[in-house]
Amino acid sequence: MSLVVLGTVALDHVKTPSGVKKDMLGGSAAHFAMSARLFTQVHMVAVVGRDFPNKHLDFLKRKGIDLSSLKMSNGKTFRWRGEYQKEDLNTALTLATELGVLQTYVPELKEHQKSLPNIFLANFDPDLQIQLLKHLKSPRLIGLDSMNLWITHKQKSLRRLMKMVDLFVANDSEARTLSGENNLIMAARRLRAMGPRMIVIKKGEHGVLFYSDQVMFSFPAYPVDHVVDPTGAGDTFAGGLMGYLSRANKLDDKTLRKALLYATTVASFNVQGFGMARTASLSLPEVEERMKVLVKFFALT
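Our subject in this report is the structure included herewith. (Residues numbered from 1 in each chain as written. Predicted model: local features only at pLDDT ≥ 70, side-chain atom pairs only at ≥ 80, totals over all residues. Heavy atoms only, no water.)

A few points about the overall build of the chain
How we decide: Every helix listed is a DSSP run of H or I at least four residues long, and every strand listed is a run of E at least two residues long, numbered separately from the N terminus. The globule rule used for comparison is 2.2 Å times the number of residues to the exponent 0.38, while the radius of gyration itself is calculated over C-alpha atoms. Throughout this description, buried means an accessible area under 20% of the type-specific maximum (1.4 Å probe, protein chains only), exposed means over 50%, and partly exposed covers the range between. Any two residues whose heavy atoms approach within 4.5 Å at even a single point are treated as in contact.
Tallying secondary structure elements over the chain gives ten helices and 13 strands in all. For 301 residues, the compact-globule estimate of 2.2 N^0.38 gives 19 Å, and the C-alpha radius of gyration of the chain, at 18 Å, lies within 12% of that figure. In terms of its C-alpha atoms, the chain occupies a principal-axis envelope of roughly 55 × 45 × 35 Å. Residues counted as buried form 55% of the 301 residues belonging to the chain. For the chain, restricting intrachain contacts to residue pairs at least 6 apart in sequence, the fraction spanning at least 24 positions comes to 65%.

Focus on the sheet that holds strand 6 (residues 79-85)
Under the convention used in this document: Whether two strands pair comes down to DSSP finding at least two bridges between them. To get an axis, a line is fitted to the C-alpha atoms, and for a helix only the part in contact is used. The angle between two axes follows their N-to-C directions and goes from 0 to 180 degrees.
With respect to topology, four strands assemble into an open sheet ordered 3-2-6-7, the strand pairing being mixed. Lying at the two open borders of the sheet, with one neighbouring strand each, are strand 3 (19-26) and strand 7 (88-98). Here the strands of the sheet are splayed against their neighbours by 20 degrees on average, with no regard to which way each runs. Contacting strand 2 (10-16) and strand 3, helix 2 (residues 54-62) runs over the sheet at an angle of about 65 degrees to strand 3.

Things to note about the pattern of salt bridges
Pairs can form between side chains of opposite charge whenever their charged atoms are close. Note the following rule: Definition used for salt bridges: Asp or Glu carboxyl oxygen within 4 Å of a side-chain nitrogen of Lys or Arg.
Under the counting rule described, the total for this entry stands at twelve salt bridges. One salt-bridge network, in which partners are shared between bridges, spans Asp-23, Asp-51 and Arg-79.

Looking at the sheet that holds strand 13 (residues 216-219)
With respect to topology, nine strands assemble into an open sheet ordered 5-4-1-8-9-10-11-12-13, the strand pairing being mixed. Each edge of the open sheet carries a strand with a single partner, namely strand 5 (66-73) and strand 13. Going from strand to strand, the sheet's axes swing by 15 degrees on average, the running direction of each strand aside. Pairing between strand 11 (residues 198-202) and strand 12 (residues 208-212): five bridges, direction antiparallel. Across the sheet, the residue bridging to Val-200 is Phe-210, located in strand 12. Contacting strand 1 (3-6), strand 8 (118-121) and strand 9 (141-145), helix 3 (residues 126-133) crosses the sheet at an angle of about 165 degrees to strand 8.

Brief notes about the pairing of strand 6
Put simply, side chains in a regular strand alternate between the two faces of the sheet. Looking at chain direction, strand 2 and strand 6 are connected through five bridges and run parallel. Bridge pairing in strand 6 links Lys-15 to Glu-83. Connecting the antiparallel pair strand 6 and strand 7 is a turn made up of two residues.

A short note on helix 5 (residues 155-162)
Which entries qualify depends on this criterion: In this description, the arc belongs to the directions extending from the helix axis to the C-beta atoms.
For helix 5, the full list of buried residues reads Ser-157, Leu-158, Leu-161 and Met-162. For helix 5, the buried positions fall inside an angular range of 140 degrees around the axis, keeping them on one side.

Things to note about the packing of aromatic side chains
Rules: Note on aromatic pairs: the rings of Phe, Tyr and Trp (six-membered ring only in Trp) are paired at centre separations within 6.5 Å, and the planes decide the class, stacked below 30 degrees, edge-to-face beyond 60, tilted for the rest. Consider the ring centre and the ring normal. A charge sits over the ring if Lys NZ or Arg CZ is within 6 Å of that centre and within 35 degrees of that normal.
What the rule picks out here adds up to eight aromatic pairs. Ring plane angle 40 degrees and centroid distance 5.2 Å describe the contact between Phe-217 and Phe-219, whose orientation is recorded as tilted. The pair Phe-217 / Phe-219 is uniform in exposure class, with both members buried. A connected cluster of aromatic rings, assembled from ring pairs, spans Phe-39, Tyr-244 and Tyr-262. Between Arg-257 and the ring centre of Phe-217, over which it is positioned, the NZ or CZ distance is 4.2 Å. Here the guanidinium or amino end of Arg-290 rests over the ring plane of Phe-269, the centre of that ring lying 3.7 Å away.

Printed below as a string of structure tokens:
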């Protein structure tokens, strides 16, 4: 079933030990969509400026992304410039952020999108995420991501939003900050008490933890021996997770486990190239072949 994602579309300038790339297509919505499109139709809700390259628009269309609610505004596209050090490829050093058209953007849905059953609120202002939810008619599954910026500066709005969603995705640092708990299992329990019935905590190269009232489990990450660019890995993970859940149209234990396996596997491709170099060319059979290898790492028989 179709999936709506609200997030950012950006032009990224990234430096890693593997090199430097400028004006790459990036942003939370773009990375999410490039993963989720493997499983379902993705409708992107975002904004770009007049300087946004047509080649990126054409690329997204070729990948089957519905751009009906991608707004083009007067002004400059959101830009992010970051660097990763060899000693810590899990953490990006933000060198510059230019909000551009994001400063005045108010997300809107087309009429036919208001009744779509699945929505993911990627990294974005929680007040605007709440505003968008008010326009949905009867969502089946609402997923949410956030970041330390909103946890620190808009926690009241974020907590209000968490009561409205089904699934909350956070990395280990965000989970600890928002919950006030250092132990990740305790953090997951505290986050569950804030509203979402399903909690997913990403642990980078150490895997992922899932928590709900009914079940808790953890998977390792796929071992990547050469990380090129981690930018967008978390959004790619979320796209795989929500994409598969949208296609499966159910939330039982088996489906959730398989969704997290897909999410982990797709994210492992993301870090092997700059931007979307690896995820853009991915096919589902290629993902499934690697997922078989991942499963062997923790298979008991």
